[in-house]
Amino acid sequence: MKAGPRDCLTAGGGNITTVLALVALVGLGQAVKPSSSLAQAAPAPSPFAMPVPAAAHLLAITNATIMTASHGTIQRGTVIIRDGRIAEVGQNLQVPAGAQVIDGTGKYVIPGIIDAHSHTAIEAVNEGTKSVTAEVRIEDALRQDPISLYRELAGGVTSALVLHGSANTIGGQSITIKLRYGLPVDSMIFQGAPPGIKFALGENVRQTNVTVPAGQQRRFPYTRMGVEETLRDAFTRASEYRAKWTQYRADSTAWTHNRARTRGLEPLPPARDLELDPLVEVMEGKRQVHAHSYRSDEILMLMGVAHDFGFHVNDFTHVLEGYRVADELLASGSTASTFADMWAYKFEAYYATPYNAAILNERGVVVSVNSDSDERARRLYQEAAKGIHYGGMSEDDALKMITLNPARQLGISEHTGSIDVGKDADIAIFNGHPFAPSSRVEMTLIDGRVFFDRSTAPTLEYRMQQLRQRRPAAARAASGGVE
Amino acid sequence: MQRAWSRAATLCAALIVAFASPASAQEGTWALTNARIETVTHGVIERGTIVIRDGLIVAVAADAAVPADARVVDLTGRTVFPGIIDLTSSLGVADAAPPAGGRGAAAAAAPAGGPSAQSTERRFVGLEPERLVADELKPTEADISAARGVGITAVLTAPSRGAFRGRSALVPLRDSVGAREVIRSPVALHMGYQGTGGGFGGGGRAQYPGTLLGVIAYERQHFYDARRQAMLEDRYKISPRGTPRPPNDEALDALIPVVKGEMPVFFAAGNENEIRRALGIAHEFGIQMDIVGATEGFRALDALQAAKRPVIVSVDYPRAPDVTGWAYRSAQRLPPNDSARADSIGAAQLQGNAAALMRAGVKFALASGGRTADFLPNVRKAIAAGLPRDSALADLTIRPAEIAGVAEQLGSIETGKAADLVITDGDLLGDSAKVKMVFVDGIRYAVEPPPPPQAAGGGRGRFGRGGPGRGGAAPEMAQVAGTWDLTVQGSEGPTEATATLTQNGATFSGNMNSHLGSSDFTGGTIDGRHVTWSHSLVINGQSMTASWSGDIDGTHISGTVAAGEMGSFPFTGEKKP
Amino acid sequence: MKACAVLLLAALTVPTALTAQSRATAITNATIIPVVGQRIDRGTVVIQDGKISAVGANVPVPAGAEVIDASGMFVYPGLVDGGTQLGLTEITEQGGPGPTDLRELGDFNPADRALTAVNPFSEIIPTVRVNGITTVITAPNGNQVSGQAALIDLNGWTPREMAEIPSAGMIMTYPRSGPAGRGGGFGPPQTADQQRERVAREAHALHDYLANARAYADVARRTADSSTHPAINLELEAMVPVMRGEMPAIFDVETAAQIRGVLVMADSFGLKVILRGASYAWEMADTLAARHIPVIVGPTTELPGPTDPYDMIYANPGVLARAGVQIAFQTNSAPDSRNLAYNAALATAYGLDPDEALRALTINPARIFGVQDRLGSIEAGKVANIIVATGDPLDVRTTMRYVFIRGVNMPFNDVHSQEYERWRNRPRPAAAGKP
């Protein structure tokens, strides 16, 4: 007797779910496969691959409420996407012939969410052995397949700034990614995003909470004064290093043009120093500084250091007391990326207020709300709405905090962050207003390509349906339950 | 009484085997006659003679004359192969200590040292490019004879963890081998990704570099420093007067041949991203880099092709759930009970790694990955997954010889090469091969049945992921064919089942029969003594999958069977005579 | 130092705890969602002596009452957080041992009472209150038996004044194995065998402890009127109401295996069980419904296990509610308690009926803890825990206009509002940016 659908029908009396379960079991799984092309793409898929549907050449999202983040909300609007870029946005647009259409009736379309402070998808976070590790690169530890990326897509996130942790005063070089989940690791890198570096101030770099094993030295610095000294020391060394290279280039040019027999050996270049290279780039304005910070005093301290060494801090991240120095932040050209309402998790977070973003926004500072967490990243839209709750921010401004503002901070607003013609088609589609309580993400697109689609996603509902199908009656009886 | 005596005799025999190998080693002039000879480089001689003198092959031909002073070994019915060269060994070297903290340890890190690595006074942390393995070589005879018993005649040995691990030596598997006998040293600078594990309150040593992030930066900085050191030394040579004397730095001096492209780097990189990161460093500095491990090479074919360098492919396969991309499964709607199926498809893909590299035109040697005992069974899986048997043989012999820079001396049966030979009953790469005799540098070593697991060894997975408790002697591949009576200890008492199995190499199919009905299945796997299979089962009209996993010891099997939501149950069974 | 200054300031300028006035208050022209009973589109709620004295469309405003015109506003019962650490901690995580009283030493501490350690003047409490949370369970957790939870209103001069139920339940943790959905911890990873061994040992220990408590309770009952009363054991004495089914056993669990274990214990010892957390309770929804086991879900802001459905924790409450399980929500936090309603909002996005979500934040927890006659809805005679909001409290965009606790119109004097007022009015410095 071979197990098969027929046996099952006779043995169990057979209802349709049983049959479906068995069909799936014997490998003819078409019947339970989701209907989209996504799941049907590969008949015998590798267990190590993610079937990502190809991007449509022409795609239209029609009849949707479009919150552009740059120019207000368009009711019953259409977005036309051509080769991964937004080609047209507006009302009463003609859908081009041959376009794939996503019916947006009743749906809200917003720019893909940008998380300006993430530690997602990396195999190491802190190289905590030194206080200055400018030479280490997040890119070296990037990984393409963590499920957290998918879950962030399911929260509408399309881009993220992936940073080191905050163990060191100067942590290392960050990377901006697009969450192209399922594609090779190097295709996650956001081409054209400016390079960055993570600095950190305050409690974490002081390591006052770290118990030092017996026989080991406590790491410098231990106070906020020492943090400043560490920074000044690093940039002093970087300045000298830069001067050496400047001198060398001059000497080298002179030597090349010197035809005299006595010109001697070619000038010796200075030793390449991977730690100081990125700091030179910072001083030359070629690398953005992302500064983990809490207290207003340390924010002012870093501004002072930056001023003295001729650079500016691109963004203060966390910046929980930013509301106390909003004017200084604005004047120094720095932006702010904060938590919506996190506080009281440590002493330096005790003077936080959820009104931080509203005050910064009122005073003209470009402010974003970030996650710093693979969990929170999935609901940044709810976090952004707290800007409305605390301080009465407008809906447009709240939306900007997770779209256009982080794009501007990260220097990628030419490419993403709003629904504007010419930008990458990085888009999240909600079933309702993104700030409304019952809203969720239905679909997330990057470059016009669908990377998340709830209709084909492995939801709890799908899992339960499967369990119902495969659970034998005996086991159900044994569990004493009715399920 | 008689039984007791017979057991004592067996024990004695085992002891003799274990301690008497030097006595069984014989040097001299040899003539191996009437042998089937697989030369690897010049085809097969169906019935021929090999003459060995002074450790070298002096003649190999169908009609080679037998010298008068030769000791003749009649090999009628047996086959002679070149000795296997394993490029992934840590034989006789102390490892860098793993981080004390534990949590920060790189995933691929193996326990410190092989089972028999000698401790040295010096404490290494894996940042010692100047280490010269040949100088500190102290292998144990147990390790050597275990490897030889598999058919390995030479190993490339280096520490198995660290960023800069040291420079390797190619060691012939003679007894009491030391620096004097080393075939080539240094062969390559060995590198990897393990830091000291120090970190953000993570315990362990707080020495830079602690993590993957720091390791890569550290390695790159050192290559820049080595370039500069080379420049300083060159300038000093040209113009000693007026040029500041460069500092003496043995670490940088060891790296100079590497940055000059004169010495290769063997970089331990198992998964896709590790491979790509390593090749990125090679590209940045123009280093001649051979990836070692590459168990996910099939995911990085483009990078390996572009590198145009041979690869040392470990056949110590990772578990499918540990492989890059497995996590994608949680982002898809998959059919119920898909996991076991995916696991077996995944295993097939992993075992097909070498075949995929071959199809992509990437040259490679096969290597044990540190688990010597499973080496040939794992190679057989690669063959079953599509690697042509003759290619596999070359990948075990002449390819590693080429990669180690000793193709003139080793890797094939040719006149003038070292007499490193393996004599078998049956095909070395077949299922029922028995290694009977090994020559290393013309010295004959008898091969006895593998000693009990705890006495053998050959390390644990260093380049892949070592399975816990799976080191030890090569288990014979379990013979599953036949009818088995199984007893499952269910929650409501024991249940009987009958399994009728048909074996096909390392896989099997069959039929399961019990009061729950009968069902056919395919896709059973055999990994040494460990067998797994699954089949569908109908209970009260509901279908589910039963997954069996057991270990075979002769005609006895024991293990567990998992039946979906019902849970796991132990089972035992006997093969019907 | 700064902290002290602010604390002093707050304490001196505006009293944080207020006492009910005898004067009546009438909230008029409001849309009233009483939770129990029909929505009233243009109604009045009258508060007198800390109680709701009247509610309805045509309720007269008593003479001399303070009138709050709530036109365009919405009136709800105060929200109830079914699990917090409020009052027991001031600065979490890296705060060191000083500011927290969350976990006593030892595995079994049934005699420890959360109410003992509640700081009524925690700066966190007002920040929670202004989001409409008026009543919470606060408790230690993490041990096998952690101690007694208190159901408190978020106003009072002393812990005792705050208490609705001083000992509302015994917090227990059922041991857990397996791949983490949440929790996890930072110890060395355990093998599957080690986990099984540990879970078996801990479950055994918990079982033994309950068996001891059962025996003690039985002896205590038999000897209640005699002089042969055994030596008093404070711990087991504290377990007596639990063993008699008078005090609920609140089990912190996640997995179905844990829940099954709890159910076995409930059967063996006749416990009245409440489950908390319970991310995987969906697997047991029908059983829990059939057995009338309530579940306090949350926080929903947790990651599911790596191979779990991405929306599992969001969707779990909806599955339970549809199966007929009585659910409430918890944040299991002090500072995050203010996000209680937004935890529920995430669940409504993934299948929980919004009306049921509102019940889960109000009347359900009242029923679970047996105080439905006093709390959880806007009905005459109930405690006047009432919020007046600009909209649906689940909507983050909504703000509270008034929060009444036991009839007291609570001032919005939380540190965050105060800091906002102070700093938004900071004069623009002349030379801003000059370091």
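Note that the structure is a prediction, hence the values are computed from the model and not measured.

## Things to note about the overall build of chain C
Point 1. Scanning chain C for helices and strands turns up 13 helices and 16 strands.
Point 2. Within chain C, the proportion of its 435 residues that are buried is 59%.
Point 3. Taking the intrachain contacts of chain C between residues at least 6 apart in sequence as the baseline, contacts between residues at least 24 apart amount to 69%.
Point 4. Element-wise, carbon and sulfur atoms account for 54% of the exposed surface of chain C, whose accessible area totals about 16,900 Å².

## Some points on the overall build of chain A
Point 1. From N to C terminus, chain A includes 15 helices and 16 strands.
Point 2. Of all 483 residues assigned to chain A, the portion counted as buried reaches 63%.
Point 3. Nonlocal contacts in chain A, meaning residues at least 24 apart in sequence, comprise 68% of its contacts between residues at least 6 apart.
Point 4. A total accessible area of about 17,100 Å² is found for chain A, and carbon and sulfur atoms account for 51% of it.

## Some details on the interface of chain C and chain A
Point 1. At the junction of the two partners, chain C supplies 70 residues and chain A supplies 65 residues.
Point 2. Note on chain C versus chain A: buried area summed over both sides is about 6,000 Å², and carbon and sulfur give 54% of it.
Point 3. Linking chain C with chain A are 31 residue pairs in polar contact (both at pLDDT 80 or more).
Point 4. When contributions to the side of chain C that touches chain A are tallied by element, the ones reaching two or more residues are helix H1 (2–13), helix H3 (124–129), helix H8 (285–290), helix H9 (312–323), helix H10 (340–349) and helix H13 (415–424) of chain C.
Point 5. Among the elements that take part in the side of chain C that touches chain A, H13 of chain C stands out by supplying seven residues, more than any other.

## Here's the deal with helix H7 (residues 256–269) of chain C
Residues and elements named next belong to chain C.
Point 1. The end-to-end C-alpha separation of H7 is 20 Å, in line with the 20 Å expected for 14 residues at 1.5 Å each.
Point 2. Within the span of H7, buried status applies to Ala 256, Gln 258, Ile 259, Gly 261, Val 262, Leu 263, Met 265, Ala 266 and Phe 269.
Point 3. Taken together, the buried residues of H7 touch helix H5 (192–222), helix H6 (234–243), strand E10 (249–253), strand E11 (273–277) and H8.
Point 4. Of the residues trailing H7, Gly 270 is marked for its positive phi of about 65°.

## Remarks on the sheet that holds strand E6 (residues 113–118) of chain A
All names here are of chain A.
Point 1. The mixed open sheet is built from eight strands, whose spatial order is E6-E7-E8-E9-E10-E11-E12-E13. Every other strand in the sheet has two partners, leaving E6 and strand E13 (367–369) as the edge strands with one partner each. The average angle at which neighbouring strand axes cross in this sheet is 25°, direction not considered.
Point 2. Strand direction decides the pairing type here: strand E7 (residues 157–162) and strand E8 (residues 170–178), joined by four bridges, are antiparallel. Paired with Ala 160 across the strands is Ile 177, a residue of E8.

## Looking at the environment of Met 401 of chain A
Residues and elements named next belong to chain A.
Point 1. In this fold, Met 401 is placed in the loop between helix H12 (395–400) and helix H13 (404–409).
Point 2. Counting along the chain gives 24 residues from Met 401 to Ala 377, while the straight-line C-alpha distance between them is 13 Å.
Point 3. Contacts of Met 401, omitting those with residues within four sequence positions, involve Ala 357, Val 367, Ser 368, Val 369, Ala 384, Gly 387, Met 393 and Pro 406.

## Comments concerning the environment of Glu 442 of chain A
Point 1. Locating Glu 442 of chain A in the fold gives a position in strand E15 (residues 441–446).
Point 2. Glu 442 of chain A sits 12 residues away from Arg 454 of chain A along the chain, and the two C-alpha atoms are 5.1 Å apart.

## A word on the packing of helix H4 (residues 212–238) of chain B against helix H6 (residues 272–285) of chain B
Residue and element names in this part refer to chain B.
Point 1. Closest axis-to-axis distance for the H4/H6 pair is 11 Å, and the angle between their directions is 20°. By the angle between their directions, the pair H4 and H6 is classed as roughly parallel. The element H4 and its partner H6 pack so that their crossing is right-handed. Across from Leu 212, Ile 216, Glu 219, Arg 220, Phe 223, Tyr 224 and Arg 227 in H4, the residues of H6 making contact are Arg 277, Ile 281, Glu 284 and Phe 285.
Point 2. Of the residues in the contact of H4 with H6, the class split is six nonpolar, no polar and five charged.

## Quick look at unusual backbone geometry
Point 1. Pro 209 of chain B follows Tyr 208 of chain B through a cis peptide bond whose omega is -5°.
Point 2. Relative to the helices and strands, Pro 209 of chain B resides in the loop between strand E10 (189–191) and H4.
Point 3. At the junction of Gly 298 of chain C and Pro 299 of chain C, the peptide bond is cis and its omega measures out at -5° in the coordinates.
Point 4. Residue position: Pro 299 of chain C is located in the loop between strand E12 (295–297) and H9.
Point 5. Of note in this structure, Asn 92 of chain A is not a glycine but carries a positive phi near 55°.
Point 6. Inspection of the secondary structure puts Asn 92 of chain A in the loop between strand E3 (85–91) and strand E4 (100–103).
Point 7. Within the chain, Ala 344 of chain A stands out as a residue other than glycine whose phi angle is a positive 65°.

## Details of the pattern of salt bridges
Point 1. Evaluated as defined, the whole model comprises 78 salt bridges over all chains.
Point 2. Among the ionic pairs, Glu 442 of chain A bridges to Arg 440 of chain A, the shortest N-O distance being 2.8 Å. The exposure classification of Glu 442 of chain A matches that of Arg 440 of chain A, with both residues buried.
Point 3. The partner of Lys 417 of chain B in a salt bridge is Glu 414 of chain B, and the shortest N-O contact between them spans 3.3 Å.
Point 4. Salt bridges sharing partners connect three or more residues here, namely Arg 85, Lys 178, Arg 180, Asp 424, Asp 426 and Asp 447 of chain A.

## A word on the sheet that holds strand E9 (residues 169–172) of chain B
All names here are of chain B.
Point 1. The three strands lie next to each other as E6-E7-E9, forming an open sheet whose pairing is mixed. Of all strands in the sheet, those bounded by a partner on one side alone are strand E6 (84–89) and E9. When strand polarity is set aside, the average angle formed by the axes of neighbouring strands in this sheet is 25°.

## Observations regarding the confidence of the model for chain C
Residues and elements named next belong to chain C.
Point 1. When pLDDT is averaged along chain C, the result is 90; 90% of the residues meet or exceed 70.
Point 2. Considering only residues more than four positions removed or in separate chains, one finds that residues 1–15, a stretch of pLDDT under 50, has 16 contacts.
Point 3. Note on residues 179–187: pLDDT is under 50 here. Beyond four places in sequence and across chains, it has 16 contacts.

About the criteria used
Residues numbered from 1 in each chain as written. Chains lettered and ligands numbered in written order. Predicted model: local features only at pLDDT ≥ 70, side-chain atom pairs only at ≥ 80, totals over all residues. Heavy atoms only, no water. Helix = DSSP H or I, 4+ residues; strand = E, 2+ residues; numbered from the N terminus. Buried < 20%, exposed > 50% of the residue type's maximum accessible area, 1.4 Å probe, protein only. Contact = heavy atoms within 4.5 Å. Areas by Shrake-Rupley, 256 points an atom, 1.4 Å probe, with all protein chains shown as cover. Buried area = accessible area lost by both parts, 1.4 Å probe. Polar contact = N/O pair within 3.5 Å; in protein donor to acceptor, adjacent residues only side chain to side chain. Expected span 1.5 Å × (residues − 1). Pairing = 2+ DSSP bridges. Axes fitted to C-alpha atoms, helices over the stretch in contact; angles between N-to-C directions. Parallel < 35°, antiparallel > 145°, perpendicular 65-115°, else oblique. Left-handed = near helix turned anticlockwise from the far one by under 90°. Nonpolar A, V, L, I, M, F, W, Y, C, P; charged D, E, K, R; others polar. Salt bridge = Lys/Arg side-chain N within 4 Å of Asp/Glu carboxyl O. pLDDT = per-residue confidence, 0-100.

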